[in-house]
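# Per-entry structural report
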Amino acid sequence: MTQQGMGHTSSIVAWNFVPGASYHGIGTGTVAGIDPRAHIAMYKVCKNTGCDDSAILAGLDAAIKDGVDILSLSLGFSKGVRFDQDPIAIGAFSAISKGILVVCAAGNGALIKSTHPTWSPAAIKSAILTTTDIVDSTGGPILDHLYRKASAYDTGSGHVNPTRAADPGLVYDLSITDYAGYICWLLGDHGLATIVHNSSLNCAMLPKVKNTQLNYPMITVPVTSTPFTVNRTVTNVGLSKSTYTAKVDAPKSMVVHVFPEKLTFSKLGEKKTFSLTVSSHLVGKEEFVEGSLRWVSEKHVVRSPIVASVRVKDGYSAPAPFRY
């Protein structure tokens, strides 16, 4: 689904092999989409005058009924929109609840899904985020548009490495109940009813999941000199018997403790929970400080960025949860 035509999004996935391609003479070689053999279904949901909410929801519903494996959307809003007023968020939740991966950049969710068709959308996303490259092609730091070292707010978790993402070792998984508990904390029963459309679920029966405690591979916490603890659960999808050791990279202004420091798995699908405690302070005019956690085994490195930011408030229930 796109805002201005289907060609560019579809070509990222299924563009056929084209030899002798370059960008103004740079990077000459053969180009192709992630999987030129992929089958593409296109859903037009926008007109020249804009994108109606009803058309977006109808397109998402049609794709779900058609049984697609992956939904790639190339459209959005110029201003922040509350989740319970956002047709993309509402439709995407319906897709995720049926095991359909929803992405806003086509190509990669396709490779991992074909390799691991039974993985949940959250597991696939985790695999992509925790196996990225954090240096450029020369081995140096990734730079921003002003040639300064890029921050986590510029790069996210890093540059996607599809080969490593297909074998991540561990994943941070999320169930529909987890998402529903987050919606309850954020928006209450009205938001749950609007987004989930499941009369068997209500906030009274669900544990409320705060933003900082959602089992997401990127760890974001408020800036505080008082130790702040989050919990995460990882699932073993690598070697059946393996041991991972926690390695923390952090500046002097951030102190991070992980417990336990080792995770030992005896079978595939086994889950282990750990806690991560962060205390931090800002230097100068900084608004955030960042580090990372790596779970390292003999074969795998599972990396999560850690960001302590003044933008994060634990326990807030403000009426402005936006998707940009």
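These notes cover the structure that comes with them. (Residues numbered from 1 in each chain as written. Predicted model: local features only at pLDDT ≥ 70, side-chain atom pairs only at ≥ 80, totals over all residues. Heavy atoms only, no water.)

Along the backbone of the protein chain there are eight helices and 15 strands. The C-alpha extent of the protein chain, read off along each of the three principal axes, is 55 × 50 × 45 Å. Classification of the 324 residues of the protein chain by burial places 43% in the buried group. Of the roughly 17300 Å² that the protein chain leaves accessible, carbon and sulfur atoms contribute 55%. Taking the average place of the 29 positive charges on the side chains of the protein chain and the average place of its 24 negative ones, the gap between the two points comes to 3 Å. (Helix = DSSP H or I, 4+ residues; strand = E, 2+ residues; numbered from the N terminus. Buried < 20%, exposed > 50% of the residue type's maximum accessible area, 1.4 Å probe, protein only. Areas by Shrake-Rupley, 256 points an atom, 1.4 Å probe, with all protein chains shown as cover. Lys, Arg positive; Asp, Glu negative; His and termini not counted. Charge placed at Lys NZ, Arg CZ, Asp CG, Glu CD.)

Here we come to the sheet that holds strand β8 (residues 228-236). Strand order in the open sheet formed by four strands is β6-β8-β12-β10, and the pairing between neighbours is antiparallel. Both outer strands of the open sheet, β6 (170-171) and β10 (254-259), are each paired with one neighbouring strand and no more. Sheet topology places β6 next to β8; two bridges connect them, and they run antiparallel. In the sheet register, Val-171 faces β8, and the bridge partner there is Thr-235. (Pairing = 2+ DSSP bridges.)

Looking now at the pattern of salt bridges. Within the structure shown, the criterion is met by eight salt bridges. Across the pair Asp-249 and Arg-294 runs a salt bridge, and its minimum N-O distance is 2.9 Å. Of the two residues, Asp-249 is situated in strand β9 (residues 242-249) and Arg-294 in strand β13 (residues 288-296); the sequence distance between them amounts to 45 residues. We classify Asp-249 as partly exposed; its relative accessible area is 35%. Note on Arg-294: relative accessible area 26%, which makes it partly exposed. Note that Glu-287 is salt-bridged to Arg-311, the shortest N-O span being 3.8 Å. (Salt bridge = Lys/Arg side-chain N within 4 Å of Asp/Glu carboxyl O.)

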